[in-house]
Amino acid sequence: MAEATASSISKPVKTPAPRASAWRDILNTLTIPVLAIFTALIVSGFIIAFTAPTVLTLLPNFWEHPFQLIGAMWDTVITAYAALLQGAFGDWGAILAGFQEWIATGDATDLFRALRDPFESLVAATPYIFTGLAVAVGFKGGLFNIGVEGQLFAGAIASAWVGFNIEGLPWFIHLPLALLAGLLAGAVWAGIAGVLKATRGVNEVINTIMLNYIMFLFTDWLLSESGPMRGSAGAPRTPEIYPSAYLPRVLPDPVRFHWGFFLAVGAVFFVYWFLWKTTVGFEIRTVGASPTAAKYAGIAVGRIFVLTMGLSGSLAGLAGANELLGLNHYMVAAFSPGYGFDAIALALLGKSNPFGVLASALLFGALRNGATRMQSLASVPVDIISVMQALIIAFIAAPEIVRWIYRLRVPTQKEQEVFARGWGG
Amino acid sequence: MIGMVATSVMRKASDLAQQQRWIVGGVIVVVGLLCVWFFGFQAPADAVSKYRFSGGGDPIQLPTLELPTATTNLILSLLLIAFGIYHLVRGLKNSAVLFGVVAFLLLAIFLTWSIRGASLNMTGLLESTLIRSIPFLLGALSGIMCERSGIINIAIEGMMLTAAFVSVIVGAFTDNLWLGLAAGVVSGALIAGVHAVFSIRFKVDQIISGTVINIFAVGMTNFLNLRWLTVNQELNDSGTFAKVPIPILSQIPVLGTILFNQIVLVYVALLLMFFVNFLLFQTRWGLRTRAVGEHPKAADTLGVDVFKIRYINVIFAGMLAALGGAFLTLGSVGRFDKLMTNGRGFIALAAMIFGNWNPFGAFGASLLFGFMDSLQLKLQILTSVIPSEFLLMAPYLATMVVLAGVVGRVRPPAAEGVPYEKQ
């Protein structure tokens, strides 16, 4: 019964579907995201082609040799996307060869070397799952947390501190402690914006952005020459954490896949349970649907704002802790390639649903990993994936464009989250 | 029954206000006492802080203000305490005054302490304050034009970044700064056009649409920067506008240097401030804009074309933000650096809110942020006590403090963020 009320509030305009099968439902929900990704890839392909130096040099004599130009564009895009695919999903020929060698000789070195690439996509997906959940939880509570990147840094700093300062603990105490420190640091840093919203009514968007800049500068200071967390290595980084705080790897070197991935998947189920099966989760979603209605229903809206922000920040903090304890083992200034910023696109793509976030995170992980390979093999700057993400969000936010391109019919309207409520004046 | 509830709510509210007054007043007094102890008694007894007002080459030399550090700070700190006590007992209604006085006193104390045994060129500080406030001002004007017509513009940052990039490349490629500027402004208009189409035609959530633009601008400028500028360094060197002193006026001591010996963009920005104010409050267009931002349905009923007004305002806003972005490159360094706007677009939004969506108010806030920005630069040179990273935080912290202090006392346009559905 409680569940029925919950879903009726979260989807106030749900009209009874005209006896559509479950499969058609799934297909309908997937159509726009899939087409959005596809279209974004095409548009990015044109951007890659038209900005390539080889293409630009051919541009002046387009009228004399039009096919030369088109050929050059085609080559550029195919090289780039082939590198992207190979980076994202690995070289299956090499994997097969490695596997045969392992069967024949018992030597698995080549196999694991070949397996590194595809697993690297999962390694990149891990922080994406956490940060995507962080943004999604905010969305569900009607808050737009753009500060996930800063909260990720806060989490990484805190868990690094626990990791290299406490010695001699067994791993089953040290590791959870380090994770907890990261979680709390993220929650506190995000909580500032939550408290300011609850008590002073300040819109969280500007504040979380400001908190980002402050956290980046704070990190710079910690790692600067006179900073308190600088290690002895002579570079701007912290000392290495003790192995008792490592998130262990699942497979032997050089595969970097670690247990953090399973932790992230656990977080997906936790967030689902928390938001849809608990009273507090119900309150969060009610506030997200309409703060005014929630207030009249007797929900302490301010408390929910702080709580939502804290939960969102703790997930972001876990993303940082996870990266630090599982991969780097020390903190550097350029700690994240933008996992927190990419998470906005990711949460929108996953429609703020934990399982949707999981699927999008796997995709984004592959994309990020593949783009790194694309930069080294085809010298296409990795930043093109930010452009892709912007396009994906645009197409998802304005599905009319996608429907117009592909001549799709307009489905029954579904409820959308609203953030543009002004600056809280 | 309803009356009882209302009185209890009101009593609660007034209790809360009183409680808040005590907390704020108490904090000011405590901070004042700390200032007495640290910046007054702890300062070396014989140290002198010198404020200079004239440069070496100025025709009219003004005397240097020499203040004994410890005594000056004692007096300023006692003033701060007195002010805190006044707020505790009587309560100040106007939070802008409260904030302004406290901020001014604290900055004066801190500055006097920082330059003990040294001298500070005040004219230089104020000049760089004005220069550094220009991008905030233009960004805030952009926000005002947009939001007065009911469209939230969180994409100022992205518009500025794009224009900064485009203006450098075109400026360097054509070897003409004005063409670079024009191209930058056009790029801002184009991006704003996208924001307008998304928010007005497709009714996309305006915060999402703005975020899309910001992410796109960051990705695109980083991408092209790596792809084009790192290999062709000469494309990333546009040169900068030269200063144009205004005859006679630029000879006035202090004021002449600050106001009348600047590049053209500074004059343009200040004129645009007056223009936007005139446009919004003295013209038919402004009246319609504000009507559309407050109550689009009523405006529509009276025959105002809501969509047209919004489209034109958003695109004009994009051009204003673009000017601010071009100012960062063509107006100061002449080259593009990755992510060089550094959150200025968002700080401009805070300036807009602080100024209650009025051009002059926004300029006041821009000056404050510009002052914080130039102060941290000066202090990095003057003092080594505070790590530069913390000084760099100043504009961001100031933004948060300003927002926390002012929101709730300002009133945004009523229809802001709500897509208009034509019946």
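Along each chain, numbering runs from 1 in the same order as the chain's sequence is written. Chain A is the first chain written and ligand 1 is the first ligand written, with later ones labelled in order. At least 70 in pLDDT is required for a residue's local features to be given in this predicted model, at least 80 for side-chain atom pairs to be given and counted, and no such filter applies to totals for whole chains, interfaces and linings, which use all residues.

## What about the overall build of chain A?
Okay, step 1: Helix numbers and strand numbers start at the N terminus; a helix is a DSSP run of H or I with at least 4 residues, a strand a run of E with at least 2. A count of helical and extended segments in chain A gives 17 helices and zero strands.
Okay, step 2: Each radius of gyration is computed over the set of C-alpha atoms, and the globule rule expresses the reference value as 2.2 Å times the number of residues to the power 0.38. Relative to the globule expectation of 22 Å for 425 residues, the C-alpha radius of gyration of chain A, 23 Å, shows essentially globular dimensions.
Okay, step 3: Burial is judged by counting the other C-beta atoms within 10 Å of a residue's own C-beta: 20 or more makes it buried, 12 or fewer makes it exposed, and any count in between marks it as partly exposed, with every C-beta position built from the backbone. Buried residues in chain A amount to 51% of all 425 residues.
Okay, step 4: A separation of at least 24 residues holds for 76% of the contacts in chain A among residues at least 6 apart in sequence. Contact between residues is assigned whenever the C-beta positions, reconstructed from backbone atoms, fall within 7 Å.

## So, the sheet that holds strand 1 (residues 48-52) of chain B
Residues and elements named next belong to chain B.
Okay, step 1: Here we have three strands laid out as an open sheet, ordered 2-1-3, and mixed in their pairing. The open sheet has two free edges, formed respectively by strand 2 (65-68) and strand 3 (119-121), since each of these has just one partner strand. Between one strand axis and the next, the sheet turns by 20° as a mean value, whatever way the strands run.
Okay, step 2: The pairing criterion for strands is at least two bridges between them, as found by DSSP. One ladder, built from four bridges, connects strand 1 with strand 2; its direction is antiparallel. Each bridged residue has a counterpart across the sheet, and for Lys 50 the counterpart in strand 2 is Glu 66.
Okay, step 3: Strands in contact with helix 4 (residues 122-148) are strand 1 and strand 3; relative to strand 3, the strand with the most contacts, it is inclined by about 40°. Between N-to-C directions, angles cover 0 to 180 degrees, with each direction set by a line fitted to C-alpha atoms, over the stretch in contact for helices.

## Concerning the domain arrangement of chain A
Accessible area lost upon the coming together of the parts serves often as the stated size of an interface.
Residue and element names in this part refer to chain A.
Okay, step 1: Domain delimitation follows an automatic or database domain assignment. Domain assignment breaks chain A into domain 1 (28-89 + 358-415) and domain 2 (128-349).
Okay, step 2: Inter-centroid distance (C-alpha atoms) of domain 1 to domain 2 is 30 Å.
Okay, step 3: Across the contact, eleven residues belong to domain 1 and ten residues belong to domain 2.
Okay, step 4: Within the residue set of the side of domain 1 that touches domain 2, elements represented by two or more residues are helix 15 (354-378) and helix 16 (384-397).
Okay, step 5: Any residue that is not Ala, Val, Leu, Ile, Met, Phe, Trp, Tyr, Cys, Pro, Asp, Glu, Lys or Arg is counted as polar, Gly included; the first ten are nonpolar and the last four charged. Residues of the side of domain 1 that touches domain 2, tallied by class, amount to eight nonpolar, three polar and no charged.

## What about the interface of chain B and chain A?
Okay, step 1: Contact with chain B, which involves 45 residues of that partner, is made by 42 residues of chain A.
Okay, step 2: Contributions of two or more residues to the side of chain B that touches chain A are made by helix 7 (206-229), helix 13 (344-354) and helix 15 (388-406) of chain B.
Okay, step 3: Counting residues per element, the side of chain B that touches chain A draws most heavily on helix 7 of chain B, at 16 residues.
Okay, step 4: Looking at side-chain class alone, the side of chain B that touches chain A contains 31 nonpolar, nine polar and five charged residues.

## Digging into the environment of Gly 168 of chain A
All names here are of chain A.
Okay, step 1: Relative to the helices and strands, Gly 168 resides in the loop between helix 7 (148-165) and helix 8 (171-200).
Okay, step 2: Using a count of 7 C-beta atoms within 10 Å as the deciding quantity, one classes Gly 168 as exposed.
Okay, step 3: For the pair Gly 168 and Leu 324, spaced 156 residues apart in the sequence, the C-alpha separation amounts to 19 Å.

## A look at helix 15 of chain B
Residue and element names in this part refer to chain B.
Okay, step 1: The span you would expect from a helix comes to 1.5 Å times its residue count less one. If you check helix 15, its first and last C-alpha atoms are 28 Å apart, about what 19 residues at 1.5 Å a residue would give, namely 27 Å.
Okay, step 2: Considering bend angle alone, the principal kink of helix 15 is centred on Ala 394 and spans about 40°; proline Pro 395 follows within four residues of it.
Okay, step 3: Leu 392, Met 393, Pro 395, Tyr 396, Ala 398, Thr 399, Met 400, Val 402, Leu 403 and Val 406 are the residues of helix 15 that are buried. In this analysis the local bend is the angle between axes fitted, respectively, to the seven residues ending at and the seven residues starting at the residue.

## As for the domain arrangement of chain B
Okay, step 1: The domain boundaries assigned to chain B delineate domain 1 (12-117) and domain 2 (123-406).
Okay, step 2: Computed over C-alpha atoms, the centres of domain 1 of chain B and domain 2 of chain B are 31 Å apart.

## Considering the nonpolar core
Nonpolar side chains in soluble globular proteins generally cluster together in the buried interior.
Okay, step 1: Among the nonpolar cores identified, the biggest contains 237 residues, and Ile 129 and Leu 133 of chain A together with Leu 141 and Ala 351 of chain B are the most heavily contacted of them.
Okay, step 2: A per-element tally of this core places helix 6 (residues 109-140) of chain A first, with 17 residues.
Okay, step 3: A set of buried residues drawn from Ala, Val, Leu, Ile, Met, Phe, Trp, Tyr and Cys, joined through C-beta atoms within 7 Å, is what defines a nonpolar core. Residues Cys 35, Phe 39, Leu 76 and Leu 98 of chain B belong to the second largest nonpolar core, which totals 13 residues.

## Some thoughts on unusual backbone geometry
Okay, step 1: Here the phi dihedral of Lys 351 of chain A falls at roughly 55°; this positive angle occurs in a residue that is not glycine.
Okay, step 2: As for its placement among the helices and strands, Lys 351 of chain A is situated in the loop between helix 14 (339-349) and helix 15.
Okay, step 3: By the C-beta count within 10 Å, which is 19 here, Lys 351 of chain A ends up partly exposed.
Okay, step 4: One non-glycine residue, Leu 339 of chain B, adopts positive backbone phi at about 55°.
Okay, step 5: Here Leu 339 of chain B is to be found in the loop between helix 12 (306-333) and helix 13.
Okay, step 6: Since 13 C-beta atoms lie within 10 Å of it, Leu 339 of chain B is described here as partly exposed.

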